[in-house]
Amino acid sequence: MYMLEQEFVWWKHGVVYQIYPRSYKDTTGNGVGDLQGVIEKLDYIASLGVSAIWLNPFFASPMVDFGYDISDYYMVDPLFGNNTDLLLLITEAHKRGLKIILDMVLNHTSDQHPWFTEARSSKDNPKRDWYVWRDKPNNWESIFGGSAWEKCPFTGEYYYHAFLSEQPDLNLRNPEVVEEIKKIFRHYMEMGVDGFRLDAVNTYYEDAAWRNNPELKEGSDLSSHSVAGQRRVYNYDHYLNYSLLDDLREVTDEYPNRLILGEVGREGKDEHAWKKYYGSCNRRLDLVFNFDLLYGELSGGRFGKTLKAWESLQYCSWPSYALSSHDQIRAISRVIPDQDACPWGNRGKLLAVFLMTVRGTPFVYYGEELGMPEYKGLTDEQIQDPWSIRNNYTVPTRDGCRTPMIWDDSKHAGFSLGSPWLPVHETYKEINAAAQQEDQASMLEFYKELIQLRNGTPALHKGDLEIIIDEGDFLQYRRIADGEVYLVSLNFSAAERTVEDTGKVVLSSDRSVEGIEAYGFEIWKLD
Ligand code: GLC
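Predicted, not measured: the structure shown is a model, and the values here were computed from it. (Residues numbered from 1 in each chain as written. Predicted model: local features only at pLDDT ≥ 70, side-chain atom pairs only at ≥ 80, totals over all residues. Heavy atoms only, no water.)

In terms of burial, strand β15 (residues 361-365) is a largely internal element, five of the five residues being buried. The side-chain alternation of β15 yields two buried faces, one formed by T361, F363 and Y365 and the other by P362 and V364. Strand direction decides the pairing type here: strand β1 (residues 16-19) and β15, joined by three bridges, are parallel. Within β15, the position partnered with Y17 by the bridge is V364. (Buried < 20%, exposed > 50% of the residue type's maximum accessible area, 1.4 Å probe, protein only. Helix = DSSP H or I, 4+ residues; strand = E, 2+ residues; numbered from the N terminus. Pairing = 2+ DSSP bridges.)

See below:
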């Protein structure tokens, strides 16, 4: 194993591995992954060379939005195990040098949370003001479809929900709610948790005057701050969002070396908007989760564009990069849309090289290290995602990227002895972790080699970045630290390219050719 230098900051220089616990490893046979399953796989995770694990929510929940609807912040849902399992997971992860990041949903709770069942019971209930009430709705639309207001049968008033009606928004203007959130943070940091991924940060606060959102004008950019034909001027990116983050920063700083990472959505985002969430010199969020490469087809030009945008942030806003997540189509299936399985050729590896060599924290979504593809063609009966179901399947399901991890070629790919909650991708016989561990040319072994190279090379994990060529289908940049210079060349085209420099090749898609082959890459250590 390489030696990490003193100033190696885990969340900044290390790699984060995202696990969707429902789909990682089931140890009980109920078809749903659990915390014991993650514990069982910690050696595998550590062998990747990653520094931290971000776990999607596993707290008590009716699971209407698969855990993003929390009914008890202090309890592991029995589906995933219990609080003792969580303690063990933290201890065992730490033994292996892995940090643990929890997913904190603060914008809303489940409608089954006792705070809400109390709040809705009467207008004068002490918890009433913990949620957002109005006597009549305005025109705001929910992100998951339909009005963002739901009439409460007990009091006749309407409550606000940015997402599903089963996910009522907390009233974060109420100081008691903020105090409670701080308590939750302290509780988990005391337990040893190393950081939090903050869900849906953009939607924390709403306009106090409840002004209607303006209609989206014809021809304007649909992706820009919009939902169902309206621009979310009054219930998105509210200025108070930043002050809550400042409070969370303060509480997080009560404990050493902890991270806060914000899910700042993609809509209408530009450098200016990101900077506000970072605050000056990362004094607000440590990391803003980068959505730029999570959507759409991944042609060469997008990588350069993203890189330039994030490099244009001031140097003290440390970027992050992700290609896949639990909400989007897996990158491998967007870069090779016509190809469902092995062999990937170079293109999957090309993605990995970009991710691991740019200046910023890389996020790897479970299965990405195997080149696990998106599950396409789930039938209406198989689809579980409420966003898709509530919209009569007109919204593409998020289930295709949430299918079970493919561990080996046994039944259900070694994920579960029971019947998995989502089908296992049919390519698991060829693409699985066990087979790839035996194959030096596999995606898995490539990921390990790459992460090891990154971890052991200051220029790659902490160095400055200088873009040399950005031609859309060919991207070249230098990474520089401690007097060492590395040159990364990524060929997103079907034509061969050459590199003009002198140095030593440290990683290459094909060392036997003179130039860089189609969809190939090279990393050089320059003289
Ligand atoms: C975030 C999560 C998503 C969830 C939503 C509502 O966007 O990533 O999975 O459905 O918030 O909590």
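The element strand β17 (residues 474-481) is largely enclosed, with a buried count of six among its eight residues. For strand β16 (residues 464-470) and β17, the ladder comprises six bridges, and the chain directions are antiparallel. Looking at β17, one finds that D470 is bridged to L475. Between β16 and β17, which pair antiparallel in sequence order, lie three residues; one of them, G472, sits at a positive phi of approximately 85°. In this sheet, strand β18 (residues 484-491) lies alongside β17 in antiparallel orientation, the contact comprising eight bridges. Its bridge partner being in β18, F474 is matched across the sheet by N491. Where β17 hands over to β18, the hairpin turn is made up of two residues, of which D482 adopts a positive phi near 50°.

This part covers the sheet that holds strand β12 (residues 259-262). Pairing is parallel across the open sheet formed by eight strands, whose spatial order is β13-β12-β9-β5-β2-β1-β15-β14. Two strands bound the open sheet, and with one partner strand each, they are β13 (287-288) and β14 (320-322).

Another aspect to go through is the pattern of salt bridges. For the structure on display, the rule yields 30 salt bridges. Between R249 and D253 there is a salt bridge, and its shortest N-O distance comes to 3.2 Å. The class for R249 is buried, based on a relative accessible area of 4%. A salt bridge links D253 to R283, with the shortest nitrogen-to-oxygen separation between them at 2.8 Å. Residue D253 is located in the loop between α7 (240-252) and β12, and its partner R283 is located in the loop between α8 (271-278) and β13; the two are separated by 30 residues in the primary sequence. (Salt bridge = Lys/Arg side-chain N within 4 Å of Asp/Glu carboxyl O.)

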